[in-house]
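# Close look at the chain arrangement
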Amino acid sequence: MTSALTPRWAIDTERETDGALAQTLTLFLVGAKCPFRCVYCDLGDAMIDGATPVGSLPNQIRLGIAAAQADCHTIKLYNASNLFEKRALPSVDDATIAQLVSGYERIVVECHPRLIGERMERFADALLGTLEVAMGLETVHPDALPQLQKAMTLSDYDRAAGRIDKHGCTHRAFVLIGAPFVPPEASLEWTVKTASYAAGRGARVISLIPLRPRVGSTVPMFAPSLAEVEQALERSLQVAPEAVVQVDPWGLSRLSACPSCSQARQERIVHMNLSGAVEPPVRCPRCAENQ
Ligand code: SF4
Ligand SMILES: [Zn+2]
C-alpha cells in the first residue's frame, strides 16, 4: 500500500559556487523516523512509526513535483532522516526516484555520515544529474559533539566526505548556530571553526542552521538572535570563500530581534546568502546590535 500524500514544498534561490543563482525545489517527504536521536532534533516528530511503505516516497515526489509546477535547477529530497537507510526508503524505490528527478541538474538528499556507502554510490550512478549529500556536521567542538548523541565522530564525517567526493558527488554540511553544550560565550567562534572544518573537507555548500530549541528537552538550548546569526554568516563567509555559505532561510522571523530592525536584518541575511559577500550593517536607531 502506498501513500498519496502531497508533501510540503518550497522554492528558494541558492547561490552556486560560480555566483550564478539557481532555483531550488525542496520537497519535505514523510517517512520513517530517523534512527538517530540527536538531542536537539525535532524532525522525527512529524514522521511515521515503522518503515516507510514501498512506493510512498516515489508517490510523494511525483505529487510534489506536479504541485510545485516549477522549472528548477536543483531538487532537494528532504525526508528528515537518511535516504540510504532501508527503513527510510526501501531500496526497490531507488530506481523509480532516480527516474522521477531526471529533469534536475542537482539532486540533494540527506544522510548521516555513517550511512554513506555502496547504496549511495549506486543511487548516484542511476541519476542523470549530480548527487549532493547533505550531512549534519553540527559542531566540531570536542566536548559538545559527543554530547549531541549524534553517534558520529569527525572521522566518520571525514570518511563520508571523502567517499562522496571520490564518487564524483558533492556534499553540503549543516552547521548549527548555537549548538547545545558549546559555552555561549564561545558559540560564534565554534560555529566559524565548524564552517571552516567543513570547507576543508570539500563541502560545496555550508548551511548554517540557527538552533531551534527542542520543546520539553532537559538539555539547555538557546536560539541565537538575528544579530548573532548575521555575525556567524559574516565570519563564516570569510573563512570559507570557496564554498557557498548560507543561513537556512526558513524560520528567521522566529528569532529574537529588535522590532525596529528585525525585517532589515532578515533581508540582510538573505542578501548575503545570495551575494556571498558581507553587506553593510543594519543601522538601527533603537538598538546597538551589530553596529
Ligand atoms: S541524524 Fe539528523 S535527522 Fe536524525 S536525529 Fe540527528 S539531526 Fe535529526
Ligand atoms: Zn534595532
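See the structure shown above.
Quick summary incoming for the structure in this document. Throughout this description, residue numbers start from 1 for each chain and increase along the sequence as written. A letter from A marks each chain and a number from 1 marks each ligand, given out in the order of writing. With pLDDT at 70 or above as the cut-off, local features in this predicted model cover only qualifying residues; side-chain atom pairs require 80 or more to be listed or tallied, and sums for whole chains, interfaces and linings still use all residues.

## Observations concerning the overall build of the chain
- Helix and strand counts for the chain come out as eight helices and eight strands.
- Projected onto its principal axes, the C-alpha positions of the chain cover 60 × 40 × 35 Å.
- Counting the 291 residues in the chain, one finds 44% classified as buried.
- Any residue pair is listed as a contact if its two C-beta atoms, each placed from the backbone, are within 7 Å. Pairs at least 24 residues apart make up 76% of the contacts formed inside the chain by residues separated by at least 6 positions. Secondary structure follows DSSP: runs of H or I at least 4 residues long count as helices, runs of E at least 2 residues long count as strands, and numbering of each begins at the N terminus. With C-beta atoms placed from the backbone, a residue is buried if 20 or more other C-beta atoms are within 10 Å of its own, exposed if 12 or fewer are, and partly exposed between those counts.

## Brief notes about the site of ligand 1
- Lining the immediate surroundings of ligand 1 are Cys34, Phe36, Arg37, Cys38, Cys41, Leu43, Ala80, Ser81, His112, Gly136 and Lys150.
- Amino acid classes used here: Ala, Val, Leu, Ile, Met, Phe, Trp, Tyr, Cys and Pro are nonpolar; Asp, Glu, Lys and Arg are charged; the rest, including Gly, are polar. Its residues placed into classes, the shell around ligand 1 shows six nonpolar, three polar and two charged. Only the C-beta atom matters for this test: placed from the backbone, it must lie within 6 Å of a molecule or strand for the residue to be near it.

## Examining the packing of helix H7 (residues 226-239) against helix H8 (residues 262-275)
- Comment: axis = line fitted to C-alpha atoms, over the contacting stretch for helices; angle = value between 0 and 180 degrees taken between N-to-C directions. Contact geometry of H7 with H8 gives a least axis separation of 10 Å together with a crossing angle of 20°. Taken together, the axes of H7 and H8 are roughly parallel relative to one another. For the element pair H7 and H8, the recorded crossing hand is left-handed. Where H7 abuts H8, its residues Leu226, Ala227, Val229, Glu230, Leu233 and Leu237 lie against Ser262, Arg265, Gln266, Arg268, Ile269 and Met272.
- Of the residues contributing to the contact of H7 with H8, the split by class is seven nonpolar, two polar and three charged. Here the word oblique covers every angle except those under 35 degrees (roughly parallel), over 145 (roughly antiparallel) and from 65 to 115 (roughly perpendicular). Throughout, a crossing is termed right-handed when the near helix is turned clockwise from the far one, and left-handed when it is turned anticlockwise from it by less than a right angle.

## Some details on the sheet that holds strand E8 (residues 244-247)
- Taken in spatial order, the eight strands make up an open sheet running E1-E2-E3-E4-E5-E6-E7-E8, and their pairing is mixed. One side of each edge strand has no neighbouring strand; the edge strands of this open sheet are strand E1 (8-15) and E8. If you compare each strand with its neighbour and ignore which way they point, the axes differ by 25° on average.
- Pairing between two strands is assigned when DSSP locates at least 2 bridges connecting them. Judged from the five bridges that link them, strand E2 (residues 21-28) and strand E3 (residues 74-78) form a sheet pairing that is parallel. Following the sheet pairing, threonine 24 is matched in E3 by threonine 74.

## Regarding the environment of valine 219
- Examined against the element boundaries, valine 219 turns out to sit in the loop between strand E7 (205-210) and H7.
- Distance from valine 219 to tyrosine 40, taken between C-alpha atoms, is 8.3 Å for residues 179 residues apart in sequence.
- If we ignore the near neighbours within four places in the chain, the residues touching valine 219 are Val39 and Pro180.

## Examining the packing of helix H6 (residues 187-200) against H7
- Where H6 meets H7, the closest approach of the two axes is 9 Å, and the angle between their N-to-C directions is 35°. Relative to H7, H6 is oriented so that their crossing is right-handed. Judged by residue contacts, Leu188, Thr191, Val192, Ala195, Ser196 and Ala199 of H6 engage Glu228, Gln231, Ala232, Arg235, Ser236 and Val239 from H7.
- The class makeup of the residues in the contact of H6 with H7 is six nonpolar, four polar and two charged.

## Overview of the pairing of E2
- Pairing between E1 and E2: eight bridges, direction antiparallel. Its bridge partner lying in E2, arginine 15 is registered against leucine 21.
- Here E1 hands over to E2 after five residues, with glycine 19 in that stretch at a positive phi of 95°.
- A crossover counts as right-handed when, viewed with the strands pointing away from the observer, the path leading from the first strand over the helix to the second turns clockwise. Viewed along the sheet, the connection from E2 through helix H1 (residues 56-68) into E3 turns out right-handed.

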